[in-house]
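# Reading the structure
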Amino acid sequence: MDSILLEIMNYIAIVTINRKEALNAFNYETLASLHKVVEDIRVNPDIRAVIFTGAGEKAFSVGADLKERRTLSDEQVKRNLNKINDVFNAIDQLPQPTIAAMNGFAFGGGMELALACDFRIAAKGTKMGLTETSLAIIPGAGGTQRLPRLIGQAKALELILTARRLTSEEALGYGLVTRVTDNVEVLADSQAFAETILQNGPIALQQAKFSVKNGMNTDLQTGLQIERKAYEITIPTEDRIEALQAFAEKRKPQFKGR
């Protein structure tokens, strides 16, 4: 059984961590498979948005596979750490908008996968958190960096140092998740959200994401230059001309990503 499943429909890729019996924990094989899938998605012109989710109804992902971890040498633990960082960085840097459809437990590396996505939609009652300090380690797949950038330093430190487990409703209050939905509808709602995004120009979506994410890591004036360059990429596109023509003809534009 493949540990990572990929389904593509209507320009949306659904990536499923397929280890339901292990609560979708990440062993090395799963990380390697996920990395390959993500790199394939990056260059696929038929994919304009990506949803990450977990198999079953209990877990999005509980993070590292602790059963595997107990058998690993220190060197192998470092190998896994390097791989999970590479994978989540690749997800963070995907040009397409990304959504974590959090259908159950999201702890440790599972929470860090969600943080690497642009949006997080969580089922009601879902428990989540960066719980690594309770295991005498720290978040090592971007958690200590992405969480404070998302919700602020003090709140991030509170959650990391206490290893607190939040409900999805509490996480919404922290600004950790984008929205909360019924458990049975979390994937459908994520698809509907992706479809709303995809009504807009594909090249514009990628350039807007590039501008926001790269501009956030620099000063305002450099960020404005990044925005200007990203805008200029959209000027010669067929989609921009189509949008103007559709406006004049009072119809919905038909974007082609060109």
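Residues numbered from 1 in each chain as written. Predicted model: local features only at pLDDT ≥ 70, side-chain atom pairs only at ≥ 80, totals over all residues. Heavy atoms only, no water.

### Here's the deal with the layout of surface pockets
Reported here for the largest pocket is a volume of approximately 950 Å³. In terms of lining residues, the largest pocket is bounded by 31 residues, among which Asp92, Asp118, Lys209, Val212 and Lys213 are the most central. Residue assignment for the lining of the largest pocket shows that the elements contributing at least two residues are helix H3 (74-92), helix H4 (109-116), strand S7 (119-123), helix H5 (143-151) and helix H9 (202-215). Broken down by element, the lining of the largest pocket gets its largest block of residues, nine residues, from H9. Classifying every residue of the lining of the largest pocket gives 15 nonpolar, nine polar and seven charged. (1 Å grid on protein atoms, 1.4 Å probe; cavity = no way out; pocket = protein on both sides within 12 Å on 5 of 7 lines; lining within 4 Å. Points joined across faces, edges and corners; volume = space filled by probe spheres on them. Helix = DSSP H or I, 4+ residues; strand = E, 2+ residues; numbered from the N terminus. Nonpolar A, V, L, I, M, F, W, Y, C, P; charged D, E, K, R; others polar.)

### With respect to the pattern of salt bridges
All told, the structure shown has 14 salt bridges when counted by the stated rule. With a closest N to O distance of 2.6 Å, Arg251 and Glu242 form a salt bridge. Owing to a relative accessible area of 16%, Glu242 belongs among the buried residues under this scheme. (Salt bridge = Lys/Arg side-chain N within 4 Å of Asp/Glu carboxyl O. Buried < 20%, exposed > 50% of the residue type's maximum accessible area, 1.4 Å probe, protein only.)

### Some words on the sheet that holds strand S6 (residues 105-107)
One open sheet accounts for four strands, arranged S4-S6-S8-S9; its pairing is mixed. Two strands lie at the open edges of the sheet, namely strand S4 (59-61) and strand S9 (166-167), each paired on one side alone. Pairing of S4 with S6 involves two bridges; the strand directions are parallel. Across the sheet, Ser61 pairs through a bridge with Ala106, a residue of S6. (Pairing = 2+ DSSP bridges.)

### Some points on the environment of Gly152
Topologically, Gly152 is positioned in the loop between H5 and helix H6 (153-162). Along the sequence, Gly152 and Gly257 sit 105 residues apart, while their C-alpha atoms lie 36 Å from each other.

### Observations regarding H9
Taking 1.5 Å as the rise per residue, H9 with 14 residues should run 20 Å; its terminal C-alpha atoms sit 20 Å apart, in good agreement. Every buried residue of H9 is listed here: Pro202, Leu205, Gln207, Lys209, Ser211 and Gly215. Where the residues of H9 are buried, they touch H3, strand S5 (98-102), helix H8 (186-197), helix H10 (220-234) and helix H11 (238-249). (Expected span 1.5 Å × (residues − 1). Contact = heavy atoms within 4.5 Å.)

### Some remarks on the sheet that holds strand S2 (residues 12-17)
Whether parallel or antiparallel, the strands of a sheet pair through hydrogen bonds between backbone atoms. If you trace the six strands from one edge of the open sheet to the other, you get S1-S2-S3-S5-S7-S10, paired in mixed fashion. A single partner strand is all that each edge strand has here, and the edge strands are strand S1 (4-9) and strand S10 (179-181). Sheet twist, expressed as the mean angle between neighbouring strand axes with direction ignored, is 20°. Strand direction decides the pairing type here: S2 and strand S3 (residues 49-54), joined by six bridges, are parallel. The residue bridging Val15 from the neighbouring strand is Phe52, located in S3. (Axes fitted to C-alpha atoms, helices over the stretch in contact; angles between N-to-C directions.)

### So, the side chain of Thr126
By the secondary structure assignment, Thr126 is in the loop between S7 and strand S8 (127-129). Accessibility expressed as a relative area gives 4% for Thr126, which makes it buried. In this view, Thr126 contacts Met102, Asn103, Gly104, Phe105, Leu166, Thr167 and Ser168; residues no more than four positions away in its chain are not counted.

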